[in-house]
Amino acid sequence: NAGVTQTPKFQVLKTGQSMTLQCAQDMNHEYMSWYRQDPGMGLRLIHYSVGAGITDQGEVPNGYNVSRSTTEDFPLRLLSAAPSQTSVYFCASSSPSGRAVDTQYFGPGTRLTVL
Amino acid sequence: DQQVKQNSPSLSVQEGRISILNCDYTNSMFDYFLWYKKYPAEGPTFLISISSIKDKNEDGRFTVFLNKSAKHLSLHIVPSQPGDSAVYFCAAHDNNAGNMLTFGGGTRLMVKP
């Protein structure tokens, strides 16, 4: 049971390049989300999905695209990288538990630098 | 404007003593609060939570206190251990925002042997 996995661990891009950050979970969780972590800002929600085929925007969605074709995978696409997207990116998943809030399980993160 | 704030970016404590990490919020619609712990090069992991209808929740060495009138919560770790050294994030859930969370900026705790 690998939990939430993210690839790559590190990436350096030039301004204007595109790339996809991969996220996969093997817990059959319905909810998946992408956060970015910047110093002093905590984690901010980029996009999220409540199930295959369903995605929505979070707090900071501009410059990012997502899709959810399967329950397991939730890739994050940067269409034209900008230095402001230099950050650490975390993917998370959770499953409805009947409680008020479900525990989110995070991947190890991808550290992205845009030059 | 940040709705969840952790005003102390870092905290240093001696092993065996109490660690107190603080968190303030502004949104009165938050109905659930969580603390996550993060080690370097790893993702955050869930630590403890509290519902807005309670004022205290305890789990072993970890206790979270909630003061709704002050919009303030705190995490107490007693006794602190070197393995507790990590970044701690406070997070809040808005009942009107689905399953998503709003995070504070984090506090780096260093427990000295």
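Structure shown above.
Quick caveat, the model's predicted, so the values are computed rather than measured.

> Mind showing me how you'd approach the state of the cysteines here?
Joining two cysteines, a disulfide is a covalent bond between their sulfur atoms. Residue and element names in this part refer to chain B. Enumeration according to the criterion identifies two disulfides over all chains in this entry. Disulfide partner of Cys 23: Cys 90, at an S-S distance of 2.1 Å. Handedness here is read from the sign of the S-S torsion; for Cys 23 and Cys 90, about -70°, the answer is left-handed. Placement of Cys 23 in strand β3 (residues 19-25) and of Cys 90 in strand β9 (residues 86-94) is noted, with a sequence separation of 67 residues between them. Looking at Cys 90, the relative accessible area reads 1%, which means it is buried.

> How should the pairing of strand β4 (residues 30-38) of chain B be read in this particular structure?
In summary, the side chains of a regular strand alternate between the two faces of the sheet. Residue and element names in this part refer to chain B. Counting buried positions over the nine residues of β4 gives nine, a clear majority of the element. Judged from the eight bridges that link them, β4 and β9 form a sheet pairing that is antiparallel. From the neighbouring strand, Phe 33 faces β9, where its bridge partner is Ala 92. Both β4 and strand β5 (residues 45-51) contribute to a ladder of six bridges, which runs antiparallel. Its bridge partner being in β5, Lys 37 is matched across the sheet by Thr 45. Linking β4 back to β5 in an antiparallel pair, the connection comprises six residues, with Ala 41 at a positive phi of about 65°.

> What am I meant to see in the sheet that holds strand β8 (residues 76-78) of chain A here?
Think of a sheet as strands paired side by side through backbone hydrogen bonds, with each pair either parallel or antiparallel. All names here are of chain A. In spatial order, the strands read β1-β3-β8-β7; together these four strands make up an open sheet with antiparallel pairing. The strands lining the two open edges of the sheet, one partner per strand, are β1 (4-7) and β7 (64-66). Each adjacent strand pair in this sheet contributes to an overall mean axis angle of 20°, direction not counted. Bridge analysis of β1 against strand β3 (residues 19-25) gives four bridges, and the strand direction is antiparallel. Bridging across to β3, Gln 6 finds its partner in Cys 23.

> In this structure, what is going on with the nonpolar core? I would like to understand it.
Side chains of a nonpolar character, in soluble globular proteins, are inclined to be buried together. Residues and elements named next belong to chain B. Phe 33, Trp 35, Leu 73, Leu 75 and Tyr 88 are the most contacted members of the largest nonpolar core, which totals 23 residues. Within the residue set of this core, elements represented by two or more residues are β3, β4, β5, β7 (62-67), β8 (72-77), β9 and β11 (107-112). The element contributing the most residues to this core is β9, with four residues. For Phe 33, the residues in contact, after removing those within four places along its chain, are Tyr 25, Ile 48, Ser 49, Ile 50, Ser 52, Leu 66, Leu 73, Ala 91 and Ala 92.

> Sorry, what's going on with unusual backbone geometry here?
Following Thr 7 of chain A, the chain continues to Pro 8 of chain A via a peptide bond in cis, the omega torsion being -5°. Here Pro 8 of chain A shows up in the loop between β1 and β2 (10-13). Of note, the amide linkage connecting Val 78 of chain B to Pro 79 of chain B takes the cis form, showing an omega dihedral of -15°. Tracing the backbone through its elements, the reader meets Pro 79 of chain B in the loop between β8 and β9.

> Hey, could you run me through the environment of Lys 68 of chain B in this one?
All names here are of chain B. Mapped onto the secondary structure, Lys 68 falls in the loop between β7 and β8. Placed 19 residues apart in sequence, Lys 68 and Val 87 show a C-alpha to C-alpha distance of 24 Å. Look past the residues within four positions of Lys 68 in its chain and what remains in contact with it is Tyr 25 and Ser 52.

> What exactly am I supposed to notice about the interface of chain A and chain B here?
When the parts come together, some accessible area is lost, and that loss is often what is quoted as the size of the interface. Contacts between chain A and chain B engage 20 residues on the former and 18 residues on the latter. In this assembly, chain A packs against chain B so that about 1700 Å² is buried in total across both faces, 64% of it on carbon and sulfur atoms. For the pair chain A and chain B, the number of links is two residue pairs in polar contact (both at pLDDT 80 or more). When contributions to the side of chain A that touches chain B are tallied by element, the ones reaching two or more residues are β4 (31-38), β5 (42-51) and β9 (87-94) of chain A. For the side of chain A that touches chain B, the class distribution of residues is 11 nonpolar, eight polar and one charged.

Reading the values: rules and limits
- Residues numbered from 1 in each chain as written.
- Chains lettered and ligands numbered in written order.
- Predicted model: local features only at pLDDT ≥ 70, side-chain atom pairs only at ≥ 80, totals over all residues.
- Heavy atoms only, no water.
- Disulfide = S-S within 2.5 Å.
- Helix = DSSP H or I, 4+ residues; strand = E, 2+ residues; numbered from the N terminus.
- Buried < 20%, exposed > 50% of the residue type's maximum accessible area, 1.4 Å probe, protein only.
- Pairing = 2+ DSSP bridges.
- Axes fitted to C-alpha atoms, helices over the stretch in contact; angles between N-to-C directions.
- Core = buried A, V, L, I, M, F, W, Y, C linked by side-chain atoms within 4.5 Å.
- Contact = heavy atoms within 4.5 Å.
- Buried area = accessible area lost by both parts, 1.4 Å probe.
- Polar contact = N/O pair within 3.5 Å; in protein donor to acceptor, adjacent residues only side chain to side chain.
- Nonpolar A, V, L, I, M, F, W, Y, C, P; charged D, E, K, R; others polar.

So far we have only geometry, and geometry alone does not tell us how the molecule works.
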